[in-house]
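Listed here are the chains, written in short residue letters.
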Amino acid sequence: MDVLINVFVALHIIGIASLLGGFLTQMKAMGAGTARFVPAMLHGALTMLVTGIALVGLNQADDQAVNNVKIGIKMAILVVILALVYVKRDEEKVPAGLFGAVGGLTVANIFIATLWT
């Protein structure tokens, strides 16, 4: 079971890397007002959602403690990110504030995951 959990953790990290990497590649464009949500951001958020749900299930099946409040907050943030990216995915330009909010929420999710023990 530990190997399977570790595989899903790795996939979850790949998802966050895709979401954050897509954001970082558009930082210069955000300054110019031409930033857009790239497909990597949508796919990364979806990967995080699926693997996160799987991780909660696998950890509970393995009788490991799961902090449901932490997971609930992280999932709520991820759903907001996913909704924003999905709705605005086809637009050529996304307002800088909206684009920055997605980046900020992504970083907040990372800090919640790593600092909340």
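Residues numbered from 1 in each chain as written. Predicted model: local features only at pLDDT ≥ 70, side-chain atom pairs only at ≥ 80, totals over all residues. Heavy atoms only, no water.

> A description of the overall build of the protein should follow, citing residues and the corresponding values.
When you go through the protein residue by residue, the secondary structure sums to five helices and zero strands. For the protein, the sequential pattern of α-helices and β-strands runs α-α-α-α-α. Radius of gyration (C-alpha) of the protein: 15 Å, near the 13 Å computed for a compact globule of 117 residues. Each principal axis of the C-alpha distribution contributes one length, and for the protein these read about 50 × 20 × 20 Å. Sorting the 117 residues of the protein into buried and exposed places 33% on the buried side. Counting only contacts in the protein whose residues sit at least 6 apart along the sequence, the fraction spanning at least 24 positions is 80%. (Helix = DSSP H or I, 4+ residues; strand = E, 2+ residues; numbered from the N terminus. Rg over C-alpha atoms; globule rule 2.2 N^0.38 Å. Buried < 20%, exposed > 50% of the residue type's maximum accessible area, 1.4 Å probe, protein only. Contact = heavy atoms within 4.5 Å.)

> Could you give an account of the nonpolar core, with specific residues and numbers?
With 22 residues, the main nonpolar core has F37, M41, I81, V85, F99 and V102 as its most contacted residues. For this core, the secondary structure elements donating two or more residues are α1 (2–25), α3 (39–61), α4 (68–87) and α5 (96–115). For V102, the contacting residues outside a window of four places in its chain are F37, M41, I81, L84 and V85. (Core = buried A, V, L, I, M, F, W, Y, C linked by side-chain atoms within 4.5 Å.)

> Report on α4, specifying residues and quantitative values.
An α-helix turns once every 3.6 residues. As a result, residues three or four positions apart point the same way. Taking 1.5 Å per residue as the helical rise, α4 with its 20 residues ought to reach 28 Å, and the 28 Å between its terminal C-alpha atoms agrees with that figure. Restricting attention to buried positions, one finds in α4 the residues K70, K74, I77, L78, I81, L82 and V85. Summarising the axial view, the buried residues of α4 lie within an arc of 140 degrees, below the 170-degree limit, and thus occupy one face. In α4, the exposed positions that point more than 90 degrees away from the buried face belong to N68, V69 and V87. Its buried side turned inward, α4 meets α1, α3 and α5. Where α4 begins, the capping side chain belongs to N67, and its oxygen is found 3.3 Å from the backbone nitrogen of V69. (Expected span 1.5 Å × (residues − 1). Arc of directions from axis to C-beta. Polar contact = N/O pair within 3.5 Å; in protein donor to acceptor, adjacent residues only side chain to side chain.)

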